[in-house]
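Spelled out from the first residue to the last, the chains are:
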Amino acid sequence: MKKPHIIDLYILKKYLQTFLMAMALIIIIVITFDVSEKLDDFLEGAAPLKDIVFKYYCNFIPGFVNLYSPLFIFISVLFFTSKMAGNTEIIAILGSGISYRRLLRPYVYGSVIVAFVVLILGNFVIPWSNQYLNEFERQYIHKSKLNYYNNIHFQTDANTQLYSDNFDTRTNSAMKFGKDTYGDDGRLVARTTADYIQYDSADQKWIVQNYVQRTINGREETLTRTPSGKIDLGLTPADFDRSSINITTLNSIKLLRHIKEETMRGSGAVITAKIELYQRLLNPLAIIVMTLIGVAVSSRKTRGGIGVHLAIGISIAFGFIVFMKITTVFAINGNLNPFLSVLLPQIIFGIAAAYLIRTAPK
């Protein structure tokens, strides 16, 4: 096996050290400001110091690293590469016969290492840590829980649609309930309505008021009316309380199952869930893209030094973040495919990275 070149180790060491140092510094700063902002909440909720440190902030760090790693990778690459260019190290490396493409190799190695770590964090570690974060916030900060949902529409299977004006999780009751059943040909075969339903956990049935059931068989209809009583609707309160599911606490395997269930139910929340899944899978590519752009921008020696490189780099990073937000909004509120909304910024800026590398002084 061929030993790694000493320049590879030199650049890779700088790459990882600068990134870790930048992340450590910004995490300390962010935690300091966050403590000052939430101190009153911690005191009011009587949160123990142990829970604040280990349950809140230890689980806060992975999410922060995952969210801002592309930006700080970019800044780190700009910083140490500009310094190398200012000290004519880049010129010396290229002058020794090493090609510019060969110079990029340790940068790619470093970006792949960080991207892999971010991939694991985003898909498995952060959903697990978010459970503890949410538990801490519910216990000590946000003690009130959402318990009322309006305009509920969903499917329980391919042929059954349910709807209700509202659902109260405290009483497990709903107003203006309706259930439509369709045949394999898409025609309505049964419709059930009720002014009010409430779940009785003892009997595992629903208390209904003004319950009306219509059965349609061709041109014939059968109407059954029940003023009040207990009926098995084949539902549980959990079927209505889907809004309580926090997709950020589901690992990617569970999130994929959740997407399939919400797709079957016809839920509008499925788009947000798909975007969450695709961001977990594709956003690590941003680390590689931003690394290449950072090298291309900062490897040339300029009179302004690192200041010029930082100004250009931050402008590019800001444009990348804004573009990602715009495509996400178009996916949620428009007709843009969720997968494309996440991938498109990577493609556009990947092309920009290839162009900048091709035109960089060699």
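Here's what I pulled together on the structure shown here. (Residues numbered from 1 in each chain as written. Predicted model: local features only at pLDDT ≥ 70, side-chain atom pairs only at ≥ 80, totals over all residues. Heavy atoms only, no water.)

Observations regarding the overall build of the protein
As a reminder, the rule being used: Helix numbering and strand numbering both begin at the N terminus, where a helix is a DSSP run of H or I of at least 4 residues and a strand a DSSP run of E of at least 2. C-alpha atoms define the radius of gyration in this analysis, and the globule rule sets the expected value at 2.2 Å times the number of residues to the power 0.38. With a 1.4 Å probe rolled over the protein chains alone, any residue whose accessible area is under 20% of its type maximum counts as buried; one over 50% counts as exposed, and the rest are partly exposed.
A tally of regular secondary structure across the protein gives 11 helices and six strands. In terms of overall dimensions, the protein is more spread out than a globule: its C-alpha atoms have a radius of gyration of 28 Å, far above the 21 Å expected for 362 residues. The principal-axis extents of the C-alpha atoms in the protein amount to approximately 90 × 55 × 40 Å. Looking at the 362 residues of the protein, the share that counts as buried comes to 41%.

Details of the environment of F54
Counting through the fold element by element, F54 comes out in helix α2 (residues 49-86). On the basis of relative accessible area, F54 is assigned to the exposed category, the value being 56%. For the pair F54 and Y132, spaced 78 residues apart in the sequence, the C-alpha separation amounts to 9.5 Å.

Details of the pairing of strand β3 (residues 173-182)
Just so we agree on the cut-off: Strand pairing is assigned whenever DSSP identifies at least 2 bridges connecting the two strands.
Two elements, strand β2 (residues 160-168) and β3, share seven bridges in a ladder whose sense is antiparallel. Bridged to Q161 within β3 is D180. Hairpin connection from β2 to β3: four residues lie between these consecutive antiparallel strands, with N172 at a positive phi of about 50°. Here β3 hands over to strand β4 (residues 188-200) after five residues, with G186 in that stretch at a positive phi of 90°.

Overview of the side chain of T249
How we decide: Contacts: residue pairs with any heavy atoms within 4.5 Å of one another.
Note on placement: T249 falls in the loop between α6 (237-240) and α7 (252-265). Here T249 falls in the buried class, since its relative accessible area comes to 16%. Setting aside its immediate chain neighbours within four residues, T249 contacts P127, N130, Q131 and N134.

Brief notes about the packing of helix α8 (residues 270-282) against helix α9 (residues 284-298)
Helix-helix packing: each pair is described by the crossing angle between the helix axes and the interaxial distance. Applied cut-off: To obtain each axis, a line is fitted to C-alpha atoms, and for helices this fit is confined to the stretch in contact; angles are then taken between N-to-C directions over 0 to 180 degrees. Note that the term roughly parallel is reserved for angles under 35 degrees, roughly antiparallel for angles over 145, roughly perpendicular for angles of 65 to 115, and oblique for everything else. Only Asp, Glu, Lys and Arg are considered charged, only Ala, Val, Leu, Ile, Met, Phe, Trp, Tyr, Cys and Pro nonpolar, and every remaining residue, Gly among them, polar.
At a closest axis distance of 4 Å, the pairing of α8 and α9 adopts a crossing angle of 45°. By the angle between their directions, the pair α8 and α9 is classed as oblique. Packed against α8, whose contacting residues are Q279, R280, L281 and L282, the element α9 presents P284, L285 and A286 at the interface. Looking at the contact of α8 with α9, its residues break down into five nonpolar, one polar and one charged.

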